[in-house]
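Here are the chains, one letter per residue:
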Amino acid sequence: MSEQTGSGGLNEYIQHHLQQNSIEFFGGAFHIDTWAVSLVLGLIFITWFGYFARKATSGVPGKGQAFVELILEFIDGQVKDSFHGDRRSLTPLALTIFMWVVLMNCMDLLPLDAPYTAIKLAAGADVAHHTYFRWVPTADLNTTLAMSVVVFFLILWHSVKAKGGFGFGKELLTAPFHAHGTGTKIALAPANLGLNVIEYLVKPVSLAMRLFGNMYGGELVFMLIAGLLGGSLLMFVPGVLFNAAWALFHILIVLLQAFIFMILTVVYIAGAYESH
C-alpha cells in the first residue's frame, strides 16, 4: 500500500484502484472482475443456503441451520408486511436479492490492496501495477443497473399478471388523471402515459443509483484513508485505526443498502397489484 502511494501520489493510487479489469466487448467494455466476483458470491449463497435446506431437521437446529432460518424468517416477515398476496415466489426473490447484495457489499470490507499484493508476490511489482481488479461488484454501476433492470421487468410482469394486458394498458392511459367523458379521456391520455412512463423508469434508476452511490462512496473513502495514511510506517497505526473505524460504520451501510434494495423491490412489486 505504502509503495503504491509513494510511487505515484494519491491521485494515481486512487485511479489505479478505480480501474476495472475489462476487455472490449461489442464496442463496449466487459468488466471481468465484476462478473467473476458476482458469480462466485452467487454460487456461495446458493451452496450455503442449499446445504442447510437439504440438511434441515424438525428437531433442535444447529447454529448454521438456526442462522439460515433466522434470515429466512426475517425476510419472509418483511415480505408479509409489504405484500398481502401469494409470497411463495416473492420471498425467495427477496431472499436472493438481500443475501447477494450483502455478500457483494461485504467485499468492500476486505483489505483494499489485497489483489495488488497477491499479484505482486506472484508476478512482480510491474505486472501488479498494470493489472487492475476491483472486487466490490456493487461499486460498479453496471451491476446495480443490471439488477434494477431485472426488477423493472418483474414489475411489468406482475402488473400484467394482476391486471391483464388490456387492464394494464388502460391504466397507463387513464391514471392518475381520471376522466369520465371519452373526449376528456383521449385528451388526458398522453399526459397519463408520460407520467406513468416516468414513474416506472424512475424506479430502476433510483434503485441502481442509490446502491451504487453508497458503495462507490464507501470504497472511495477506504482509498482516501489508505492513500493518505498509508504512505509511511509512522502513519501505519493511524491508518489501521481509521480504516477499522470506517469499516465498523460501513457495516451498517452494507446491511442497510441491501435491505433497502430488497424492500423497495417488494414494495414496487406489491404496488403492481394495486389500482390507481
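It should be emphasised that the depicted structure is a prediction, and the values quoted were computed from it without experimental measurement.

About the criteria used
Residues numbered from 1 in each chain as written. Predicted model: local features only at pLDDT ≥ 70, side-chain atom pairs only at ≥ 80, totals over all residues. Heavy atoms only, no water. UniProt positions renumbered as here; feature names shortened; annotations may be inferred. Helix = DSSP H or I, 4+ residues; strand = E, 2+ residues; numbered from the N terminus. Pairing = 2+ DSSP bridges. Patch = residues over 30% accessible without salt bridge, like charges linked within 9 Å, V, L, I, M, F, W, Y side chains within 5 Å. Areas by Shrake-Rupley, 256 points an atom, 1.4 Å probe, with all protein chains shown as cover. Salt bridge = Lys/Arg side-chain N within 4 Å of Asp/Glu carboxyl O. Axes fitted to C-alpha atoms, helices over the stretch in contact; angles between N-to-C directions. Parallel < 35°, antiparallel > 145°, perpendicular 65-115°, else oblique. Contact = heavy atoms within 4.5 Å. Nonpolar A, V, L, I, M, F, W, Y, C, P; charged D, E, K, R; others polar.

S.K.: Explain the UniProt feature "transmembrane region" (unreviewed entry) in the protein chain to me, using residue names and the numbers behind them.
M.R.: Per the UniProt entry, the sites bearing "transmembrane region" (unreviewed entry) are residues 35–53, 90–110, 141–160, 220–241 and 247–270 in this numbering. With 100% helix and 0% strand, residues 35–53 has its two end C-alpha atoms placed 27 Å apart. Helix makes up 100% of residues 247–270 and strand 0%, and the two end C-alpha atoms of the span are 34 Å apart.

S.K.: Residue-level account of the pairing of strand E2 (residues 28–31), with values.
M.R.: Judged from the four bridges that link them, strand E1 (residues 22–25) and E2 form a sheet pairing that is antiparallel. Bridge pairing in E2 places Glu24 opposite Ala29. Hairpin connection from E1 to E2: two residues lie between these consecutive antiparallel strands, with Phe26 at a positive phi of about 50°.

S.K.: Now, about a nonpolar patch on the surface: what can you tell me, with residues and values included?
M.R.: There is a patch of nonpolar side chains on the surface, built from Ile23, Phe25, Phe26, Phe30, Trp35, Leu39, Leu43 and Ile46 and spanning about 880 Å² of accessible area. Of all the elements, helix H2 (residues 32–54) adds the most residues to the nonpolar patch, at four residues. Assignment of secondary structure puts Phe26 in the loop between E1 and E2.

S.K.: Provide a residue-level description of the packing of helix H4 (residues 90–106) against helix H7 (residues 141–174), including the pertinent values.
M.R.: Interaxial distance between H4 and H7 falls to 13 Å at its minimum, and their mutual angle equals 175°. As judged from the angle between their axes, H4 and H7 are roughly antiparallel. Residues Leu93, Trp100, Val101 and Met104 of H4 touch H7, and the partners they reach there are Thr143, Met147 and Leu154. A breakdown of the residues in the contact of H4 with H7 according to their chemical character gives six nonpolar, one polar and no charged.

S.K.: Hey, could you go over the environment of Val149 for me, with residue numbers and the actual values?
M.R.: Tracing the backbone through its elements, the reader meets Val149 in helix H7. In sequence terms Val149 and Val205 are 56 residues apart; their C-alpha atoms lie 8.5 Å from each other.

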